[in-house]
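# Observations on chain architecture
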Amino acid sequence: MSSARELEFKAYAMTDPSAWSDLQVVPFKPKDLGPEDVEVAITHCGVCGSDVHILKQHWGKTQNGPVIVGHEIVGKVTRVGERVESIRPGDRVGVGGGLDSCHECRACIAGYENHCPRLVVTPNAAHYDGVSTQGGFATGVRAHQRFVFPIPDGVESRHAASMMCAGVSVFNPLHRNGCGPGKKVGVFGVGGLGHYAVLFAKAMGAEVYAFIRGTAKADDVLKMGADHIVDTTVKGFWEPYALTFDIIISTVDRFDAGVTLPDLLSMLFIHGKYVAVGLPPLDEPLGPVHPFVLGKNGCSISGTLVGSKEDARAMLELAAQKKVVPWVEELPMSQAKVALEALKAGEARYRYVLTQDIIPVL
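Residues numbered from 1 in each chain as written. Predicted model: local features only at pLDDT ≥ 70, side-chain atom pairs only at ≥ 80, totals over all residues. Heavy atoms only, no water.

Whether parallel or antiparallel, the strands of a sheet pair through hydrogen bonds between backbone atoms. The strand order S12-S11-S10-S13-S14-S15 describes an open sheet built from 6 strands, whose pairing is parallel. Two strands close off the open sheet at either side, each with one partner strand: strand S12 (228-231) and strand S15 (300-303). Ignoring strand direction, the axes of neighbouring strands in this sheet form an average angle of 20°. By the bridge criterion, 4 bridges tie strand S10 (residues 184-188) to strand S13 (residues 245-250) in an arrangement that is parallel. Across the sheet, the residue bridging to Gly186 is Ile248, located in S13. Helix H3 (residues 157-176) rests against S10, S13 and strand S14 (268-276) of the sheet, and its axis sits at about 165° to S13. (Pairing = 2+ DSSP bridges. Helix = DSSP H or I, 4+ residues; strand = E, 2+ residues; numbered from the N terminus. Axes fitted to C-alpha atoms, helices over the stretch in contact; angles between N-to-C directions. Contact = heavy atoms within 4.5 Å.)

In this section: a nonpolar patch on the surface. A cluster of nonpolar residues, Leu243, Phe269 and Ile270, forms a patch on the protein surface that exposes about 260 Å² of accessible area. By relative accessible area, which is 39% here, Phe269 ends up partly exposed. (Patch = residues over 30% accessible without salt bridge, like charges linked within 9 Å, V, L, I, M, F, W, Y side chains within 5 Å. Areas by Shrake-Rupley, 256 points an atom, 1.4 Å probe, with all protein chains shown as cover. Salt bridge = Lys/Arg side-chain N within 4 Å of Asp/Glu carboxyl O. Buried < 20%, exposed > 50% of the residue type's maximum accessible area, 1.4 Å probe, protein only.)

So, about the nonpolar core. Leu174 and Phe200 are the most contacted members of the largest nonpolar core, which totals 50 residues. At the level of elements, H3, S10, helix H4 (192-203), strand S11 (207-212), helix H5 (218-224), S13 and helix H8 (309-322) are the ones that each hand at least two residues to this core. Broken down by element, this core gets its largest block of residues, 10 residues, from H3. Among all residues touching Phe200, those that are not within four sequence positions of it are Gly167, Val170, Phe171, Leu174, Met315, Leu318 and Val324. Counting residues in each nonpolar core, the second largest holds 45 residues, with Trp20, Ile42, Cys45 and Val95 among its members. (Core = buried A, V, L, I, M, F, W, Y, C linked by side-chain atoms within 4.5 Å.)

Under the criterion given, the structure shown has 17 salt bridges. Of the charged contacts in the structure, one is a salt bridge between Lys31 and Asp37, with a shortest N-O distance of 2.4 Å. The exposure classification of Lys31 matches that of Asp37, with both residues buried. Taking the shortest distance from any N to any O, the salt bridge between Glu284 and Arg254 comes out at 2.8 Å. Taken together, the residues Glu284 in the loop between S14 and helix H7 (291-297) and Arg254 in the loop between S13 and helix H6 (261-265) connect sequence positions 30 residues apart. For Glu284, a relative accessible area of 27% corresponds to the partly exposed category. Taking the relative accessible area as the measure of exposure, Arg254 reaches 47% and is therefore partly exposed. Overlapping salt bridges bring together Asp22, Lys337 and Glu341 as one network.

A few words now on the packing of H3 against H8. The relative placement of two packed helices comes down to the angle between their axes together with the axis-to-axis distance. Where H3 contacts H8, the axes come no closer than 9 Å and their chain directions differ by 95°. In this view, H3 runs roughly perpendicular relative to H8, as classed from their interaxial angle. Mapping the contact onto sequence places Met163, Met164, Gly167, Val168, Phe171, Asn172, His175 and Arg176 in H3 and Asp311, Ala312, Ala314, Met315, Leu316, Leu318 and Ala319 in H8. Residue composition of the contact of H3 with H8, grouped by class: 10 nonpolar, 3 polar and 2 charged. (Parallel < 35°, antiparallel > 145°, perpendicular 65-115°, else oblique. Nonpolar A, V, L, I, M, F, W, Y, C, P; charged D, E, K, R; others polar.)

Below, the structure written as structure tokens:
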């Protein structure tokens, strides 16, 4: 095992669920560094809607004790286990929504470790040894090498951070569903996730339609590369686009009144894919769909759960080659409350990235 200066593990944590955004600096115990694990001193961490859902307990009760969120992590490798390959101390790397998997199931063996039934998620869970997992609003993180992604020189750390969840969550279904020249992609909702969907779909060569509520973001979305803007406040906005899209990426938590899932599915071309990326509270499922609706165009409904190491590698390679630059606002990590509350209020333009300010990274 490589030797280095001991990393001190501290974080901004929720200590009182009734004050979900008032985070306090606390020390915490990381998992032991295993033979295939990588230790990372965190420099940046993005702020995701999932962080708000976890802190607000929309997805179930949080674990006992301090809760440390954040799963869009970039930093510098400080230590590696003796069986780690291709990652060395000093490397700049990212860590996303997972920290480990079983490495034995069919999903892991096939390269879909992010879909492992025993996936160890980054915040608000437990490692296999029982130690609580903690997120990236912190000085450091330890993860299995399969969940640690080298960052190419052509991508800045502040840009790479939010790619670790938001970026790969939309790149994954675009990439796997054949997004490219000659394809038409609809992006439903352009917030943090949706702006990445526009950026990546355009970088892949697709014709991009952005579906937004009103016109307040229209100029921004056109600058991101969208070819067409569709105002979803117009009654029956979907009707002119019947049998149009090869892929629809939906990033919204819920539909406006009068809009149903069958309305959106009607816009898909034959065997088109509707991918639900936005994750609402557990008591707000997708609306009902009759099999006749699916049969009309043979469309499919799917979801996504971040991405595998191969997905992350391909995404970062594309970002470096095509100079994909997300729209981010940087804040010191001590101002996480500002970012969390602005995100909850829908004020982010378009991702917040926190710079770690507890302990300097040498």
